[in-house]
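# Reading the structure
Listed here are the chains, written in short residue letters.
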Amino acid sequence: MAQCAIKPDVEFVRELQETGGESLKKCYQCATCSVACPLSPENAPYPRKEMVWASWGLKDKLMGDADLWLCHNCGNCSDLCPRGAKPADMMSAARNVIYRDLVEPTCVGKLMSSPSGLPVLFAVPALLWLVVWAIRASIVGAWFPRTADGRIVFGQIFYGDYTIDPIFMLTFFGALFLIGRGAVKLWKSFKPEGKLAVIGKQKCWLWHLWDVLWDEVITHKKFSDCEAGPDTGKTRYNRQFGHLLLVYSFCILAFVTAVVAGGHWIGKVWPVVSIETPMPLTFPVKLLANLGALMLLAGLAVLTVRRFLQDKENHGSSWHDWYFLGIIWAVALTGVLSQCFRLADCVTLAFMVYYLHLVFVWMLFAYLPWTKLGHFVYRTVALVYVRMYGRS
Ligand code: SF4
Ligand code: SF4
């Protein structure tokens, strides 16, 4: 009989338990969860095997497991688990532990993994933008300046050309670079279970990527598949609508940012396309920006209420869940409020809230590889990977 030696990583089990998988040891491996999961394929079921690996401390097995990233955390498996082992929470905890160390510098991942790291994560951009503010205030001659005609223009302090644009460009593309490295590392770490032979002509990975983006982003179809899962006897709060609002609002706001930045920079050589900020409220780009902001707030409200209403007995919310919701709330509220204070002519409050807005936007971009947005990228990588092995 073939034998295999198992080297349990006790420290990994402890980390999983501390990160939200505290009930994993209750599992008695009945496999109800794998049957209950609406996304789990018949020939490669999850999350039972992940529960076994987690319980035995098989970190390497979990790290090479693409299925871990396919879970949508709908909680059907936890609702139907007869032991209250909360497999959905364990899957989430395992992902959080893995992407904490996936991307360099891992010290940021460690800071991101608990509330105790938040002061440092906040202090970095707070100091950065305070230095920018102090330098510009000394040049302009006031911390809360007005233009010659009495208007409040944030660009007087946070000047786009030399502060906002270069700082955010560097931060955003730096985060994209890191997340790209993380995605490549994750892809290389995946090990298919058993021996796989893919026969026949294969679709190019780009087509698989398009299919994944259609199902996961454009239509959020997988969320409906989750909702259509087995009757668990529990109230289900649909996540598709809230997520779609969030995704489409991000797209609108990214488009508006690109148009304003393009208008600003291209306008220097081709004045006809120049866009001056602050834009009038009735300007089409401004209308679109405000529509995006309202959709963002609505999506956040739906997802936050759902998280509060969900059954606490079977579903936990990890620090990562709350961090991501919290930072988007902070970005949205400070963005809307800074505009309101500017329009209400409250110069001190307008500048202070706008400063906080810049701090939170920086946090959103810079820490992206360790947040749930990073998870979205890693899940896309895993989905493309399994589709290339013939799974859907
Ligand atoms: S997690 Fe629950 S449902 Fe899944 S195998 Fe363990 S005891 Fe069974
Ligand atoms: S949380 Fe939902 S998608 Fe994830 S394993 Fe459980 S049933 Fe499947």
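Residues numbered from 1 in each chain as written. Chains lettered and ligands numbered in written order. Predicted model: local features only at pLDDT ≥ 70, side-chain atom pairs only at ≥ 80, totals over all residues.

### Considerations on the nonpolar core
Core analysis: the largest hydrophobic core is formed by 81 residues, its most contacted members being Leu-16, Ala-54, Met-90, Ala-94, Leu-358, Val-359 and Ala-382. The element best represented in this core is helix α15 (residues 347-366), accounting for 15 residues. Two domains share this core, each providing at least three of its residues, namely domain 1 (10-102) and domain 2 (117-388). (Core = buried A, V, L, I, M, F, W, Y, C linked by C-beta atoms within 7 Å. Buried ≥ 20, exposed ≤ 12 C-beta atoms within 10 Å, placed from the backbone. Helix = DSSP H or I, 4+ residues; strand = E, 2+ residues; numbered from the N terminus. Domains from an automatic or database assignment.)

### A short note on the site of ligand 2
The immediate surroundings of ligand 2 are formed by 17 residues, with Cys-37, Cys-71, Cys-74, Cys-77 and Ala-88 found nearest. Elements with a contribution of two residues or more to the shell around ligand 2: α5 (76-80) and α6 (87-102). When residues in the shell around ligand 2 are grouped by element, the largest group, three residues, is from α6. (Near = placed C-beta within 6 Å.)

### Digging into the domain arrangement of the chain
By the assigned domains, the chain splits into domain 1 (10-102) and domain 2 (117-388). Computed over C-alpha atoms only, the centres of domain 1 and domain 2 are separated by 28 Å. Between domain 1 and domain 2, the residue contacts involve 28 residues of the former and 30 residues of the latter. Counting residues per element, the ones that place at least two in the side of domain 1 that touches domain 2 are α5 and α6. Of all the elements, α6 adds the most residues to the side of domain 1 that touches domain 2, at nine residues. When grouped by side-chain class, the residues that make up the side of domain 1 that touches domain 2 number 14 nonpolar, nine polar and five charged. (Contact = placed C-beta atoms within 7 Å. Nonpolar A, V, L, I, M, F, W, Y, C, P; charged D, E, K, R; others polar.)

### As for helix α10 (residues 205-218)
If you check α10, its first and last C-alpha atoms are 18 Å apart, about what 14 residues at 1.5 Å a residue would give, namely 20 Å. At the C-terminal side of α10, His-220 shows a positive phi close to 55°. (Expected span 1.5 Å × (residues − 1).)

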